[in-house]
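Observations on the three-dimensional arrangement
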Amino acid sequence: MEKTSKIYIAGHRGMVGSAILRRLEADGYKNIITRTSSELDLRNQRAVQEFFENEQPDYVFLAAAKVGGIYANNTFRAEFLYDNLMIEANIIHAAHLNGVKKLMFLGSSCIYPKMAPQPLKEEYLLTGPLEQTNEPYAIAKIAGIKLCESYRDQYDSNFISVMPTNLYGYNDNYDLQNSHVLPALIRKIHEAKDNGAPTVTVWGTGSPKREFLFADDLAAACVYLMDNYNGRELVNIGTGEDISIKDLALLIKEVIGYEGELEFDTSKPDGTPRKLMDVGKLHSLGFKHKIELREGIALAYADFKEKYVTA
């Protein structure tokens, strides 16, 4: 990408998109296009096509998606499948029709089979059944990967796919009904401390292991790969390190300074037992994350307090 290249970030107000926007601006890119969902409904094919015809972006970061944790994924299964299919299909097709130089599609680690060997290698895609609670979202993301591959195969489009691990950071979603585990724990533990509650309830047994990447590290990886990777195959983006939900909760408890106890509600689902990315390919391409988990949690907690507690 040139500093004057016209770059469209789909989903620029979300955690991932806003991190990519910050990174591009910090790197000196001046010609960045954004639209809010009220300005452009990405599920509307005609609207998306007209936007691409009018703006003619050179590069596209496809970070827009309907996202959420186990509860949201399992409850709003139709919307998670439909909305994400429409968003990605409309943008990828419009990018093809309007001669976009390069597009990056951001998927999710939930695309991998529930019981795939660990760590998760890129070639494990479509080798077994998915985790039931987020199957619709995973299927939509797999379709996006296959769209990129198919437009590349048929039209020689330079469309690439990256698979981020579990993300957290600035502008995260802290709604307890549809947030992911790390921000949900930050909010729960903060409120327990604030209210003097003796215990905090954590969903599940606490035994599943998860990998967490600070969103600004993801953004740095995305910009790096947009400049340095043109392969057909997807690329995992993560840290290559994981932690149990119990130990994560204890770490957040420590960062926040909460002295109460944790209780585990074993009637709630655990989800996939383990999801650790194999990031050998990413490292071989020359990129490694910089923000470790404790530092990242402290940064996220400061952002949470600024945006949600003092608001």
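The rules behind these values
Residues numbered from 1 in each chain as written. Predicted model: local features only at pLDDT ≥ 70, side-chain atom pairs only at ≥ 80, totals over all residues. Heavy atoms only, no water. Helix = DSSP H or I, 4+ residues; strand = E, 2+ residues; numbered from the N terminus. Rg over C-alpha atoms; globule rule 2.2 N^0.38 Å. Contact = heavy atoms within 4.5 Å. Pairing = 2+ DSSP bridges. Buried < 20%, exposed > 50% of the residue type's maximum accessible area, 1.4 Å probe, protein only. Salt bridge = Lys/Arg side-chain N within 4 Å of Asp/Glu carboxyl O. Phe/Tyr/Trp six-rings, centres within 6.5 Å; stacked < 30°, edge-to-face > 60°. Lys NZ or Arg CZ within 6 Å of the ring centre and 35° of its normal. UniProt positions renumbered as here; feature names shortened; annotations may be inferred.

Here's the deal with the overall build of the chain
When helices and strands are counted, the chain shows 10 helices and 13 strands. Its C-alpha atoms give the chain a radius of gyration of 19 Å, within 12% of the compact-globule value 19 Å for 311 residues. Along the first, second and third principal axes, the C-alpha set of the chain runs to 60 × 45 × 40 Å. Within the chain, contacts between residues at least 6 apart in sequence are counted, and of these 81% link residues at least 24 apart.

Considerations on the sheet that holds strand β8 (residues 209-210)
Overall, mixed pairing links the 3 strands, which are arranged β11-β8-β13 in an open sheet. Lying at the two open borders of the sheet, with one neighbouring strand each, are β11 (243-244) and β13 (274-275). By the bridge criterion, 2 bridges tie β8 to β11 in an arrangement that is antiparallel. Paired with K209 across the two strands is S244, which belongs to β11.

Some remarks on unusual backbone geometry
A cis geometry characterises the amide bond from Q118 onward to P119, with omega recorded as -5°. Although it is not a glycine, L126 adopts a positive phi angle of roughly 65°. Secondary-structure assignment places L126 in the loop between β4 (102-106) and α5 (135-155). A relative accessible area of 56% places L126 in the exposed class. Positive phi values are uncommon outside glycine, yet D156 reaches one of about 60°.

Observations regarding the environment of Q56
Along the chain, Q56 turns up in the loop between α2 (45-55) and β3 (59-62). Separated by 39 residues in sequence, Q56 and A95 place their C-alpha atoms 8.7 Å apart.

What about the pattern of salt bridges?
Under the defined criterion, the tally for this structure stands at 17 salt bridges. E55 is the salt-bridge partner of R35, the closest N and O atoms lying 2.7 Å from each other. Of this pair, R35 sits in the loop between β2 (32-33) and α2 while E55 sits in helix α2; the two residues are 20 residues apart in sequence, bridging distant segments of the chain. The partner of E149 in a salt bridge is K146, with the nearest N and O atoms 3.0 Å apart. Taken together, the positions of E149 and K146, both in helix α5 and 3 residues apart, correspond to about one turn of that helix. By relative accessible area, K146 is classed as partly exposed at 32%. When salt bridges that share partners are traced, they join K146, E149, D153 and R232 into one network.

Observations regarding the packing of aromatic side chains
Think of a pair of aromatic rings as described by two things: how far the centres are apart, and how the planes are tilted against each other in angle. Tallying each qualifying case throughout the model produces 13 aromatic pairs. Where Y170 meets F214, the ring centres are 5.3 Å apart and the plane angle is 85°; that geometry is what we call edge-to-face. Here Y170, found in the loop between β6 (166-168) and α6 (181-195), pairs with F214, found in strand β9 (residues 212-214); they are 44 residues apart in sequence, far enough to count as distant. Here a set of aromatic residues connected by ring pairs shows up, and it is made of Y174, Y301, F304 and Y308. When the ring centre of W203 is taken as origin, the NZ or CZ atom of K268, which lies over that ring, is 5.4 Å away.

Focus: the UniProt feature "site: Important for catalytic activity" (unreviewed entry) in the chain
According to UniProt, the "site: Important for catalytic activity" (unreviewed entry) feature falls on S108 and C110. Among the structural elements, S108 can be located in the loop between β4 and α5. For S108, the contacting residues outside a window of four places in its chain are Y137, K141, M163 and P164. Looking at the element boundaries, C110 is found in the loop between β4 and α5. When sequence neighbours within four positions are dropped, the list of residues in contact with C110 reads L130, N134, Y137, A138 and K275.

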